[in-house]
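# Topology and contacts: notes
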Amino acid sequence: MLQITRASSAQAAASVDEFKAAYAVAEAANTQAGALRNQWTATASTLADAKKAADAGNFDAAVALSKEAEALAKASIFQGTSEKQAWKAQEIR
């Protein structure tokens, strides 16, 4: 019985570490989007939800929400960089 408890603790610690890593990547992408002045509010709320899930001990949901926030941040980065160039095609010549 003691071994099972240790294994569960090791799995929980790995989940915490996995959350921290996923959250850090999402936060970095959101910061990059901010540097482009194109942060989405959906990204910030998803990061907040991920933090709440982690605080509640639901690391599976926290990791999933962190990855979703990362995807949102990357999409906002793509949008910001593509629109930065797209306006040139709309310029009257």
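For clarity, every value in this text was computed on a predicted model and none was experimentally measured.

Our focus in this paragraph is the overall build of the protein chain. The helix and strand inventory of the protein chain stands at three helices and zero strands. Of the regular secondary structure in the protein chain, the N- to C-terminal order runs α-α-α. Nonlocal contacts in the protein chain, meaning residues at least 24 apart in sequence, comprise 70% of its contacts between residues at least 6 apart. Here the protein chain has roughly 6400 Å² of accessible surface; of this, 57% comes from carbon and sulfur atoms.

Phe-19, Ala-22, Tyr-23, Ala-26, Leu-47, Ala-50, Ala-53, Ala-54, Phe-59, Ala-62, Val-63 and Ala-69 form the largest nonpolar core, which has twelve residues in total. Listing elements by their share of this core, those giving two or more residues are helix H1 (2-35), helix H2 (41-55) and helix H3 (59-90).

Residues lying three or four places apart along an α-helix face the same way, a consequence of the helix completing one turn every 3.6 residues. In this model H3 runs 46 Å from its N-terminal to its C-terminal C-alpha over 32 residues, within 8% of the 46 Å that 1.5 Å per residue would give. Taking the largest bend as the criterion, H3 deviates by roughly 30 degrees, centred on Lys-84. For H3, the complete set of buried residues consists of Phe-59, Ala-62, Val-63, Ser-66, Ala-69, Glu-70, Ala-73, Ser-76, Ile-77 and Gly-80.

This part is about the side chain of Ser-76. Of note, Ser-76 is situated in helix H3. Among the polar contacts made by the side chain of Ser-76, one reaches the main-chain carbonyl oxygen of Ala-73 at a distance of 2.7 Å. Here Ser-76 is in contact with Ala-33, Asn-38 and Trp-40, once residues within four sequence places are set aside.

In this section: the packing of H2 against H3. Relative to each other, H2 and H3 sit at 165 degrees, their axes nearing to 8 Å. Considered as vectors, H2 and H3 are oriented roughly antiparallel to each other. Between H2 and H3 lies a crossing whose hand is left-handed. When H2 is examined against H3, the residues Ala-42, Thr-43, Thr-46, Leu-47, Asp-49, Ala-50, Ala-53 and Ala-54 are found in contact with a partner set consisting of Phe-59, Ala-61, Ala-62, Leu-65, Ser-66, Glu-68, Ala-69, Leu-72 and Ala-73.

What follows concerns the environment of Gln-79. Along the polypeptide, Gln-79 turns up in helix H3. Assessed through its relative accessible area of 26%, Gln-79 is described here as partly exposed. Residues Gln-79 and Leu-36 lie 43 residues apart in sequence; the distance between their C-alpha atoms is 9.8 Å. For Gln-79, the residues in contact, after removing those within four places along its chain, are Asn-38 and Trp-40.

Residues with a pLDDT of 70 or more make up 82% of the protein chain, whose mean pLDDT is 86. Mean pLDDT across the elements of the protein chain ranges from a minimum in H1, with 77, to a maximum in H2, with 97. This stretch, residues 1-10, has a pLDDT under 50; its non-local contacts, to residues over four places away or in other chains, come to zero contacts.

Calculation notes
Residues numbered from 1 in each chain as written. Predicted model: local features only at pLDDT ≥ 70, side-chain atom pairs only at ≥ 80, totals over all residues. Heavy atoms only, no water. Helix = DSSP H or I, 4+ residues; strand = E, 2+ residues; numbered from the N terminus. Contact = heavy atoms within 4.5 Å. Areas by Shrake-Rupley, 256 points an atom, 1.4 Å probe, with all protein chains shown as cover. Core = buried A, V, L, I, M, F, W, Y, C linked by side-chain atoms within 4.5 Å. Buried < 20%, exposed > 50% of the residue type's maximum accessible area, 1.4 Å probe, protein only. Expected span 1.5 Å × (residues − 1). Bend = angle between axes of the 7 residues up to and from the residue. Polar contact = N/O pair within 3.5 Å; in protein donor to acceptor, adjacent residues only side chain to side chain. Axes fitted to C-alpha atoms, helices over the stretch in contact; angles between N-to-C directions. Parallel < 35°, antiparallel > 145°, perpendicular 65-115°, else oblique. Left-handed = near helix turned anticlockwise from the far one by under 90°. pLDDT = per-residue confidence, 0-100.

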